[in-house]
Amino acid sequence: VAAVQAQVEPHFLFNTLASIDHLIETDPPRASRMQKSLIALLRATLPNLRDDGAQGPLRTLGQEADVIVPYLDIMKVRMEDRLQAQVDIPEGLRSAQFPPLMLQGLVENAIKHGLEPKAEGGQLVVKAQVVDGALSLSVRDTGVGLIQAGHAAPSPTTGSGTGLANIRERLQLLFGDRATLVLSSVPEGGTLATLTLPYQVQPSAPSTSPSRL
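Residue numbering note: each chain is counted from 1, following its sequence as written. In keeping with the predicted nature of the model, local features appear solely for residues at pLDDT of at least 70, side-chain atom pairs appear and are counted solely at 80 or more, and the whole-chain, interface and lining totals rest on all residues. Hydrogens and water molecules were not included; the side-chain quantities draw on all heavy atoms of the structure.

## Things to note about the nonpolar core
- By size, the foremost hydrophobic cluster in this structure holds 51 residues, and its most contacted members are Val107, Ile111 and Leu124.
- Ranked by residue count, the leading element in this core is helix α3 (residues 61–79), at 11 residues.
- Contacts are assigned to residue pairs that have any heavy atoms within 4.5 Å of one another. Apart from the residues within four sequence positions on either side, Leu124 is in contact with Leu72, Leu83, Gln84, Ala85, Gln86, Val107, Ala110, Ile111, Leu115, Val139, Arg140 and Asp141. Nonpolar cores are built from buried Ala, Val, Leu, Ile, Met, Phe, Trp, Tyr and Cys residues. Side-chain atoms within 4.5 Å join them into one set. Accessible area is worked out with a 1.4 Å probe on protein chains only. A residue is then buried under 20% of its type maximum, exposed over 50%, and partly exposed in between. Numbering of helices and strands starts at the N terminus; helices are DSSP runs of H or I of at least 4 residues and strands are runs of E of at least 2.

Next comes the structure, spelled out in structure tokens:
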């Protein structure tokens, strides 16, 4: 997890700072919005870099959402009208235990391989719910779809990308056969990633930040 975080965050941070620098001259209001979102993202991320794994291999879904919301806002500033995003995580599920960086990986995968390659962009919806006693988290996009994004088939699949392979490996280590990641095509176009894992509550989880865009 630390290796993944070390690879992803500097790249994203430098790109965001470069975008802010450009927008300061060309569009100050957008630069201000992006800067505020970056501050919110760093506030949600930095405390977790200091705990050195003290919380164990799991965090909470609320903590992960607190990273995703400002991340998506930054991407909306970058992509403008090409990205519409919605995060629907009920307050009661924010305390659910959840592996770190997994939600971020699914969202980044949907944008990079689904929405960015599509000229007109599209919509991304993150939704969490409890289904048959398990936590179900879905990331749905209206992007180019599985075949165009480089996946082998439009039917439900576990996915073939490196990032998805890492998620599947971590799920296996943490939960064994009790967790799954399934990718499927959306009939009207796009991709649906569904992550299912045991639903367990972490009582000490903070729950103060908004979880909806």
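## Looking at α3
- To estimate the expected span of a helix, count its residues, drop one, and scale the result by 1.5 Å. Taking 1.5 Å per residue, 19 residues should reach 27 Å; α3 reaches 26 Å between its end C-alpha atoms and fits that length.
- Counted residue by residue, α3 has 17 buried out of 19 residues, so it is predominantly covered.
- Looking one or two residues beyond α3, the residue adopting positive phi is Glu80, at roughly 55 degrees.

## Considering the confidence of the model for the chain
- The share of residues in the chain with pLDDT of 70 or more is 77%, and the mean pLDDT across the chain is 81.
- Confidence scores differ between elements of the chain, with helix α1 (residues 2–26) showing the lowest mean pLDDT of 68 and strand β5 (residues 134–141) the highest of 97.
- pLDDT under 50 marks residues 152–160. Its contacts with residues more than four places away, or in other chains, come to 24 contacts. Think of pLDDT as the predictor's per-residue confidence, scored from 0 to 100.

## Some details on the packing of α3 against helix α4 (residues 102–115)
- Between the N-to-C directions of two axes lies an angle of 0 to 180 degrees, each axis being a line fitted to C-alpha atoms and, for a helix, fitted only over the stretch in contact. Running from N to C, α3 and α4 cross one another at 25 degrees; their axes reach a closest spacing of 9 Å. Taken together, α3 and α4 sit at an angle that is classed as roughly parallel. Crossing angle aside, the handedness with which α3 passes α4 is right-handed. Between α3 and α4, the residues in contact are Leu61, Glu64, Ala65, Val67, Ile68, Tyr71, Leu72, Met75 and Met79 and Met102, Leu103, Gln104, Val107, Glu108, Ile111 and Leu115, respectively.
- Counted by class, the contact of α3 with α4 contains 13 nonpolar, 1 polar and 2 charged residues. Every angle not falling under 35 degrees, over 145, or within 65 to 115 is termed oblique; those three ranges are roughly parallel, roughly antiparallel and roughly perpendicular. Throughout, a crossing is termed right-handed when the near helix is turned clockwise from the far one, and left-handed when it is turned anticlockwise from it by less than a right angle. The classification used treats Ala, Val, Leu, Ile, Met, Phe, Trp, Tyr, Cys and Pro as nonpolar, Asp, Glu, Lys and Arg as charged, and all other residues, Gly among them, as polar.

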